[in-house]
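Each chain, letter by letter, is given below.
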Amino acid sequence: MLMRTDPFREMDRIVQQLSGTSGTWSKPSVMPMDAYREGDVYVIAFDLPGVSTEAIDIDVERNMLTVKAERRPAAKADRVQMELSERPLGVFSRQIVLADTLDTEHIQADYDAGVLTLRIPIAERAKPRKISIGRTGDPKQISG
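Here the residue numbering is sequential within each chain, running from 1 through the sequence in written order. pLDDT decides what is reported in this predicted model: residues at 70 or higher carry local features, side-chain atom pairs at 80 or more are listed and counted, and totals for whole chains, interfaces and linings draw on all residues regardless. Excluding hydrogens and water, the side-chain figures rest on all heavy atoms present in the structure.

For the rest of this paragraph, the subject is the sheet that holds strand E3 (residues 56-61). With antiparallel pairing, the three strands of this open sheet are ordered in space as E3-E4-E5. The sheet is open, and its two borders are formed by E3 and strand E5 (90-97), each paired with just one other strand. Put simply, the sheet's adjacent strands are angled 15° from each other on average, direction ignored. Relative to E5, strand E4 (residues 64-71) runs antiparallel, the two sharing eight bridges. In the strand pairing of E5, Met 64 is matched with Val 97. Strands qualify as paired when DSSP identifies two bridges or more between them. Put simply, DSSP marks the helices as runs of H or I at least four residues long and the strands as runs of E at least two long, and each gets a number from the N terminus on. For helices, the axis comes from a line fit to the C-alpha atoms of the stretch in contact; other axes are also lines fit to C-alpha atoms, and the angle between any two N-to-C directions lies between 0 and 180 degrees.

Here's what the structure looks like:
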């Protein structure tokens, strides 16, 4: 049997249960993420430890990116008597509004060591381009 020595952990568990964030199957929880730019690509990394790739769903509708994942219990409930359960279970969800300057048609997803990494390239139309200046009466086209 596992024994706890942290007197505040039980208080945290009670607050989580009352607020609906302690592994309930019905209420989506937020997943932590990092977002940064790497050259001409935006990278978004989500922490999803213990989630299988089959339980991850990524959707893009217009400029709304939605990532959903479900962490299920490792042990079969009918075969074990749980002594301690601190790992959150259930559905985790995150929605992000993407800028119009990103190319949502070419998003790449990779999942390694519990981290889901999305790479979203900047759209060609949003990249800087040079504009040639012509003489009066001789207009120039913008080259991309």
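Right, let's get into the environment of Leu 102. If you trace the backbone, Leu 102 turns up in the loop between E5 and strand E6 (108-112). You can call Leu 102 buried: its relative accessible area is 10%. On a C-alpha basis, the gap between Leu 102 and Pro 121 in space is 6.0 Å, while along the polypeptide they are 19 residues apart. Note on contacts: a residue pair is in contact if any heavy atoms of the two residues lie within 4.5 Å. Those residues in contact with Leu 102, other than ones at most four positions away along the chain, are Tyr 42, Ile 120, Pro 121, Ile 122 and Ala 123. Burial here depends on accessible area, computed with a 1.4 Å probe over protein chains only, as a share of the maximum for the residue type. Under 20% is buried, over 50% is exposed, and the range in between is partly exposed.

Before going further, it helps to examine the confidence of the model for the protein. Per-residue pLDDT for the protein averages 80, and the proportion of residues at 70 or more is 74%. Scored between 0 and 100, pLDDT is the confidence that the predictor attaches to each residue. Segment residues 22-27 is flagged for pLDDT under 50; beyond a separation of four residues in sequence, or across chains, it makes 16 contacts in the model.

Turning next to the nonpolar core. Residues belong to a common nonpolar core when they are buried Ala, Val, Leu, Ile, Met, Phe, Trp, Tyr or Cys residues joined through side-chain atoms within 4.5 Å. Counting 18 residues, the largest nonpolar core has Phe 46, Leu 48, Leu 65, Val 67 and Leu 116 as its most contacted members. Looking at this core, the elements with two or more residues in it are strand E2 (41-47), E4, E5 and strand E7 (115-121). Not counting the four nearest positions on each side in its chain, Phe 46 is found in contact with Met 31, Pro 32, Met 33, Val 67, Arg 94, Ile 96, Gly 114, Val 115, Leu 116 and Leu 118.

What follows concerns the pattern of salt bridges. We define a salt bridge as a contact between a side-chain nitrogen of Lys or Arg and a carboxyl oxygen of Asp or Glu at a distance within 4 Å. Applying the stated criterion to the full structure yields three salt bridges. Ionic pairing is found between Arg 37 and Asp 40, a salt bridge with its closest N-O pair at 3.9 Å. Taking the relative accessible area as the measure of exposure, Arg 37 reaches 49% and is therefore partly exposed. The partly exposed category is assigned to Asp 40, whose relative accessible area is 40%.

Residues Leu 116, Leu 118 and Ile 120 line the buried face of E7, whereas the alternating positions Val 115, Thr 117, Arg 119 and Pro 121 sit on a face that is not buried. Taken together, the seven bridges between E2 and E7 define a ladder with antiparallel strand orientation. The partner of Val 43 across the bridge, within E7, is Arg 119. Remark: two residues form the turn of the hairpin made by E6 and E7, two consecutive strands paired antiparallel; Ala 113 in that turn has positive phi of roughly 55°.

Relative to the helices and strands, Thr 66 resides in strand E4. At 3.1 Å, the side chain of Thr 66 forms a polar contact with the side chain of Gln 95. Within 3.5 Å is the distance limit for a polar contact, defined as a pair of N or O atoms, with the added protein rule that one can donate a hydrogen and the other accept it, and that residues adjacent in sequence qualify only through two side-chain atoms.

Structurally, Asp 103 is set in the loop between E5 and E6. Within the structure, Asp 103 has its side chain in polar contact with the side chain of His 106 (distance 2.7 Å). Leave out the neighbours within four places in its chain, and Asp 103 touches Ile 120, Pro 121, Ile 122 and Ala 123.

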